Amino acid sequence: MKNFDLEEPESLAEALALLDEDDSAVRPIGGGTALMLMMKAQFFEPTRLVSLRKVGGALGGIDLSEDGSSLRVGAGTTFTQLQQSPLVQKHLPVIGRVMKTLANVRVRNVATVGGNLAHGDPHLDLPPVWMALDAAVDVVGPSGERRLAVADLFQGYYETSLADGEVITALYAPLVEDRRAAYAKVTTRASHDWPALGVAVSLVPDGDVIADIRIVLGAALDMPTRLTAAENVLRGQPAGDDLLATAGETAAEEVDIESDHRGSAGYKNHLLKIYLGRVVRELMGR
Amino acid sequence: MTVDDPAHNISQSIPRLEGRQKVTGRAEYVHHLRLPGMLYGKIFRSTVPHGRILSVDVSEAAAVPGVFRVVTIDDIREVLPDPYYGPAFHDQPVLADGKVRFAGEPVAVVLAKDPRVAAQAVALITAEYDELPSVDNEVEAMTSDIHVHDELKPAASFPDLNHLKGQSGTNVALGYKLRHGDVEAGFAAADHIFEHTLTTQPVMHTPMEPFVSVADVRDDHMTLHTASQGPSFVRIEIARLLGWPENRVRVKVPFLGGGFGGKLYIKLEALVTALSLLVRQPVKIALSMEEQFFMVTRHPCTFNIKSGVTKDGKIIARACEVIWNGGAYADIGPRVTQKAGFTAAGPYDIDNVSIDSYAVYTNRPPAGALRGFGAPQIAWAYECHTDMIAREMGIDQVDFRRKNLLRNGRPQASGTLIRDAALDAVLDRAAERLGWSLPFDPGGGRIKRGRGLAVAIKGITAPTTSVAIVNLYGDGSCGLYIGTVDMGQGSDTVMAQIAAEVLNLDASKIRVMHTDTDVTPYDMGTLGSRSTFHMGTAVRLAAEEARDKIEALRVELDEPAGSNIPLSELLRRKYGMQAGNIIGTGSFIPEYEKPDPDTGQSRAATPFWGVGAAGAEVEVDTETGQFEVTRLISVVDVGTAINPKLVEAQISGAAIMQLGFTTTEEMLFQDGQLLNGSLADYKIPNMLDVPRDFRNEFVESRQQDGPFGAKGAGEISTMALSPAVGNAVADAIGTYLLDMPITPEAVYRALHPADGDA
Ligand SMILES: Cc1cc2nc3c(=O)[nH]c(=O)nc-3n(C[C@H](O)[C@H](O)[C@H](O)COP(=O)(O)OP(=O)(O)OC[C@H]3O[C@@H](n4cnc5c(N)ncnc54)[C@H](O)[C@@H]3O)c2cc1C
């Protein structure tokens, strides 16, 4: 590890000025839980790290929009803050449930919502959940400010659409009446292993019928991926066993899961079918 | 805590002597050590599993500002003409010498004042290899044309390997044989024959403290500060390498953050010694967690087991062929091969037994001892096999085992008598805790339930010696000088309890010296569950000698026998002031008879028997194969539990570790390359993986010749656990899995064999 500078700016403007659109060895750092591992493994050798921890206001806070239609989560929010927020508990209870099996207290105390998204690691638990919730992020950088769907952040294995010098400032989760969401973290070895796959589902029921649904597959592919064909099988239909089986088959067909040491492709396809059914049944109260 | 009546130190859960130091972060470890002028070494490793080294380019690394020197084997040869080491074979070079034999083998070292500079420079080294085909699997290695070593080089320290000297054209480092009765005649007389082949996977020790050693070589003596379980062996082997007498090599060992058999024999010690000798400055090498995968692993093995059974359920013949994948260097593999080999037929009274056990070289990281010296791997095979026989014959698994179990007074397959082995008691207790005789709910629908048990036995490395010194100072306080290394098992406390019991002292007031070979006497090593029995006896003898000397002093000073004048007063009277010492020494080597090389027969093959049983219950999700071990019971025979709390900690620690080896841990290789060499991908269990109902018990028992009736405890609960879990899974799903680890995918495939790809 080479020497590097650690900057701790106290405003977003200062942070942006310290970042460098032409130098990928200059990076922002949130909780550092992912970045430090990359540095230890010598995958990443920074010349300058710009800590976002002291930026405060612009990257902090969890607020309900005035019309109550969405929740804004500052990118610097830690997982523990997220977990303990009454607003999140009330409007997005799925997040609290995901946190129970996400990392450990020490990591959750420092890992940030922004760092988690910007890292682009396909194994992470939260990104597919944010995608299932149809969340978006605000990104600020040298060329101004933009808002994009979380789904559009991910471009491939550890690849995001963020440019050097850009910072995620906040996440917006739309709040939809009657929507329910759940996430199945499917591990195939020790309980704290990375998931072999993660299945995130949000749906709006209408009696026995699934009025609307979003399904996102995490961990098994290069990036969290929406399973639109499976969604189309289920949308507008009652969630019967046969239909769920068909949806499972469709899901396994619309993606190309590869074998790795958490499971063969065949086995993971099977797990996807089973867990998609289980999550949807749970959400439909069956 | 103080003990009210100091004469009662045995069977007391005295808190660990070092507990406070450890929880307050003050305990000493080699990782903390910094010496003036010390250089840090970082290792450049081979990227190919087998190849001739064409060139190593260190020029760019050497040019990095702050780099002191880059070292390859050519430099090492300047100071060590024959830089090969190992406990059984002198087969391992200090750095790769002309050839690399596994991916991850050390090829060069960068030395720098700043370890980060050294690490950065390592990344700039390049090497070119003429790649050779490699051999990975132990069964293939038996007959492969690919040879890991051109010539076998047995070390003189094991006289029974000498006949292998100079042999070439083979990967078989050692073949161990045992013959008892006539196994073919036994099969001919049997009503039923059963045969299975089971395997275990490569795993590693994963101590929390990775390997670390510091060498400080001066003109006429050297000091090694090292995280080693076997400082006496380190001194002998380093002295041999240097051609120095032992008294010029000093080995100091503070606490260890775990060892589990990994930190035995020579690990980093030869390398740091050679480096320090070369540069005449202290050198430290501390491995990262990830590098540990390339230091030493546990032997995978392939075990073919065949039994002949009469129709009323008596096993009358058993043939065992065990092949151990020893990796590129033998380390202590030949001992594993023999020690585990000799109990490969299990804890059963079988008239006709044949055992063949082979240590083979492959192009994998070396394998060595890991908490059981092979006993857990073989127990996996013989206890699943035994369970399968019972199930197939429709005999209750506990009854079948009871019918065939070895009893005290009977000869084990080696001819050594079974004594002080509570096999029945541990099996009965495990069955009772499982509620074996009660009806069991097998579940239904998606979740199926199963239960299983197993019982196992092991012999102990023999013959081995321990020496202890008890030193009572002028004020009557006591120092204990021993080579046993406290690596978390609590040996300091137990040894103090033994000395205190003899000397009528308070164990918590005794000071246990940590190994410093300039000061502490010889000990063969902290390994193989041997310390409580061997060192414990040496400590008892040393304390008894000291006690006798105190009595003699009383007589000399005309005190009536049994007077309660304290030692400090006696010494003051003798010397006229607070002065002098009472020194007692004790040396212990158990009785031993070398097994016949052709038949493995011996009247005294082991000083005592390690005995354990386990019971498990599982719940299997039949849709996915995912399962949970809901209940896990380990029952062991440790003789007298000198410190019950520490014994329980040993049982539970070994059980959790073995649960990892059973269900979550596996070093995965592809074309000789390790695929999951980090703790993010190689999964040891954590607290959430510990079963809800987790019990760790010992039975009432006494090792007649052990110190206060005690014997070893460190490894015993590793043996029966895997087959107990495997047998429970089989009970739930109706199919026995033959290959470890037991994974959800393996269970799923066993449940749905027809599914092909899915
Ligand atoms: C022991 C351990 C266990 C874990 N277990 C789990 C688990 O069970 N499930 C799971 O999902 N995850 C797990 N993780 C991963 C963890 O969730 C991530 O490391 C964490 O979310 C990253 O957040 P951070 O703030 O620490 O990111 P950092 O490490 O600070 O940064 C990560 C990346 O994002 C960039 N970045 C940071 N903030 C911003 C920003 N605001 N805008 C733009 N770029 C930014 C950085 O430059 C860097 O490239 C685990 C991690 C550890 C260490």
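Small disclaimer: the values here were computed from a predicted structure and weren't measured.

For chain B, the helix and strand inventory stands at 18 helices and 30 strands. By the compact-globule yardstick of 27 Å for 758 residues, chain B fits well, its C-alpha radius of gyration being 27 Å. If you line up chain B on its principal axes, its C-alpha atoms span 80 × 75 × 50 Å. Out of the 758 residues belonging to chain B, those deemed buried represent 64%. Pairs at least 24 residues apart make up 80% of the contacts formed inside chain B by residues separated by at least 6 positions. Across chain B, the mean location of the 71 positive side-chain charges is 4 Å away from that of the 95 negative side-chain charges.

Moving on to the overall build of chain A. Assigned secondary structure in chain A consists of 11 helices and 14 strands. At 19 Å, chain A has a C-alpha radius of gyration in line with the 19 Å of a compact globule built from 286 residues. Structurally, chain A occupies a C-alpha span of about 60 × 45 × 35 Å along its principal axes. In chain A, which comprises 286 residues, the share counted as buried stands at 52%. Nonlocal contacts in chain A, meaning residues at least 24 apart in sequence, comprise 61% of its contacts between residues at least 6 apart. Surface summary for chain A: the accessible area is close to 12,400 Å², and the carbon and sulfur share equals 47%. With 27 positive and 39 negative side-chain charges, chain A shows a separation of 8 Å between the mean positions of the two kinds.

What follows is about the domain arrangement of chain B. All names here are of chain B. The domain architecture assigned to chain B consists of domain 1 (19-28 + 464-588), domain 2 (37-132 + 207-288) and domain 3 (297-461 + 596-755). The centre of domain 2, based on its C-alpha atoms, is set 36 Å off from the matching centre of domain 3. Between domain 2 and domain 3 lies a buried interface of about 1,600 Å² when both sides are counted; carbon and sulfur atoms form 59% of it. Scanning the region where domain 2 abuts domain 3 turns up 1 salt bridge. A salt bridge links D331 to K267, with the nearest nitrogen and oxygen atoms 2.9 Å apart.

Here we take up the interface of chain A and chain B. Across the contact, 24 residues belong to chain A and 27 residues belong to chain B. Here chain A packs against chain B, burying approximately 2,200 Å² in sum over the two surfaces, 47% of which is carbon and sulfur. Linking chain A with chain B are 3 salt bridges, by the criterion used here. Of the charged contacts, one joins D681(B) and R262(A) as a salt bridge, the two residues approaching to 2.8 Å between their closest N and O atoms. Viewed at the interface, chain B and chain A are joined by 16 residue pairs in polar contact (both at pLDDT 80 or more).

We now examine the confidence of the model for chain B. Residues and elements named next belong to chain B. When pLDDT is averaged along chain B, the result is 96, and 98% of the positions lie at 70 or above. Taken as a whole, residues 1-6 scores under 50 in pLDDT and shows 12 contacts with residues more than four places along the chain or in a different chain. Per the prediction output, this complex has pTM 0.97; the corresponding ipTM is 0.95.

For the bond from A462(B) to P463(B), the omega torsion is -10°, close enough to zero to count as cis. Among the structural elements, P463(B) can be located in the loop between strand 21 (447-459) and strand 22 (466-472). A cis amide bond, omega -5°, links M740(B) with the succeeding residue P741(B). Relative to the helices and strands, P741(B) resides in the loop between helix 17 (721-733) and helix 18 (744-751). With a phi close to 70°, D178(A) is a non-glycine residue in the positive phi region. Taking the relative accessible area as the measure of exposure, D178(A) reaches 55% and is therefore exposed. Phi is positive for D420(B), close to 50°, though the residue is something other than glycine.

Before going further, it helps to examine the sheet that holds strand 5 (residues 70-74) of chain A. Residues and elements named next belong to chain A. Overall, antiparallel pairing links the 5 strands, which are arranged 4-5-10-6-7 in an open sheet. Either end of the sheet is taken by a strand with one partner, and the two such strands are strand 4 (62-64) and strand 7 (144-149). Strand-to-strand twist of the sheet, defined as the mean angle between neighbouring strand axes without regard to direction, takes the value 20°. Pairing of strand 6 (residues 136-141) with strand 10 (residues 167-174), which is carried by 5 bridges, proceeds in the antiparallel orientation. Note that in strand 10 the partner of V140 across the bridge is V167.

All names here are of chain B. Between helix 11 (residues 397-404) and helix 12 (residues 423-434), whose axes approach to 11 Å, the crossing angle comes to 170°. Viewed along their axes, helix 11 and helix 12 adopt a mutual orientation that is roughly antiparallel. Contacts from V398, R401 and R402 of helix 11 reach helix 12 at L427, D428 and A431.

Moving on to the side chain of D356(B). Residue and element names in this part refer to chain B. Position of D356 relative to the elements: it lies in strand 18 (residues 352-360). Side chain to side chain, D356 and R179 meet in a polar contact 3.1 Å long. Excluding anything up to four places from it in sequence, D356 contacts Y176, K177, R179, C320, E321 and V322.

Our focus in this paragraph is the pattern of salt bridges. Under the definition given, this model contains 66 salt bridges over all chains. R72(A) serves as the salt-bridge partner of D63(A), at 3.2 Å between the closest nitrogen and oxygen. Residue classification places R72(A) among the buried positions, given a relative accessible area of 18%. Here R235(B) ties to E246(B) by a salt bridge, and the two come within 3.0 Å at their closest N and O atoms. Residue R235(B) is located in helix 7 (residues 231-242), and its partner E246(B) is located in the loop between helix 7 and strand 13 (249-252); the two are separated by 11 residues in the primary sequence. Here the salt bridges share partners, and the residues they tie into one network are R449(B), E617(B), E619(B), R631(B), D693(B) and R695(B).

Next up on the list: the sheet that holds strand 20 (residues 443-444) of chain B. Residue and element names in this part refer to chain B. Taken together, the 5 strands give an open sheet; going across it, the order is 20-21-26-27-30, and neighbouring strands pair in mixed fashion. Of all strands in the sheet, those bounded by a partner on one side alone are strand 20 and strand 30 (693-698). Pairing between strand 27 (residues 627-637) and strand 30: 6 bridges, direction parallel. Within the sheet, the bridge partner assigned to L632 lies in strand 30 and is F694.

Take the site of the ligand next. All names here are of chain A. In the region of the ligand, 29 residues are neighbours, and P28, G30, T33, T112 and D125 sit closest. A distance of 2.6 Å separates an oxygen atom of the ligand from a polar atom in the side chain of T33. Side-chain polar atom of K185 to an oxygen atom of the ligand: 2.9 Å apart, as the coordinates give it. A total of 970 Å² of accessible area belongs to the ligand in isolation, and the protein chains cover 89% of it. For the shell around the ligand, the elements supplying multiple residues, two or more each, are strand 2 (26-29), helix 7 (113-119) and strand 10. Tallying contributions element by element places helix 7 first for the shell around the ligand, with 5 residues. Looking at the shell around the ligand residue by residue, the class counts come to 15 nonpolar, 10 polar and 4 charged. A domain split of the shell around the ligand shows at least three residues from each of domain 1 (5-51) and domain 2 (57-174).

Let us now look at a negative patch on the surface. Residues and elements named next belong to chain A. Together, E159, D222, D256 and E258 make up a negatively charged patch on the protein surface. Among the structural elements, D222 can be located in the loop between strand 13 (209-218) and strand 14 (225-226). Classification of D222 by relative accessible area gives partly exposed; the value is 49%.

Here helix 10 (residues 375-393) of chain B contains 19 residues, and its C-alpha end-to-end distance of 26 Å stays within 8% of the 27 Å for a straight helix at 1.5 Å per residue. Taking burial as the measure, the 19 residues of helix 10 of chain B include 17 buried ones, the bulk of the element.

All names here are of chain B. On the secondary structure map, T416 appears in the loop between helix 11 and helix 12. Among the residues examined, T416 registers a relative accessible area of 4% and is labelled buried. At a separation of 2.8 Å, a polar atom in the side chain of T416 contacts the main-chain carbonyl oxygen of S602. With near-sequence residues (within four places) excluded, T416 lies in contact with R410, P411, S602, R603, A604, A605, T606 and W609.

What counts, and at which threshold
- Residues numbered from 1 in each chain as written.
- Chains lettered and ligands numbered in written order.
- Predicted model: local features only at pLDDT ≥ 70, side-chain atom pairs only at ≥ 80, totals over all residues.
- Heavy atoms only, no water.
- Helix = DSSP H or I, 4+ residues; strand = E, 2+ residues; numbered from the N terminus.
- Rg over C-alpha atoms; globule rule 2.2 N^0.38 Å.
- Buried < 20%, exposed > 50% of the residue type's maximum accessible area, 1.4 Å probe, protein only.
- Contact = heavy atoms within 4.5 Å.
- Lys, Arg positive; Asp, Glu negative; His and termini not counted.
- Charge placed at Lys NZ, Arg CZ, Asp CG, Glu CD.
- Areas by Shrake-Rupley, 256 points an atom, 1.4 Å probe, with all protein chains shown as cover.
- Domains from an automatic or database assignment.
- Buried area = accessible area lost by both parts, 1.4 Å probe.
- Salt bridge = Lys/Arg side-chain N within 4 Å of Asp/Glu carboxyl O.
- Polar contact = N/O pair within 3.5 Å; in protein donor to acceptor, adjacent residues only side chain to side chain.
- pLDDT = per-residue confidence, 0-100.
- Pairing = 2+ DSSP bridges.
- Axes fitted to C-alpha atoms, helices over the stretch in contact; angles between N-to-C directions.
- Parallel < 35°, antiparallel > 145°, perpendicular 65-115°, else oblique.
- Near = heavy atom within 4 Å.
- Nonpolar A, V, L, I, M, F, W, Y, C, P; charged D, E, K, R; others polar.
- Patch = residues over 30% accessible without salt bridge, like charges linked within 9 Å, V, L, I, M, F, W, Y side chains within 5 Å.
- Expected span 1.5 Å × (residues − 1).

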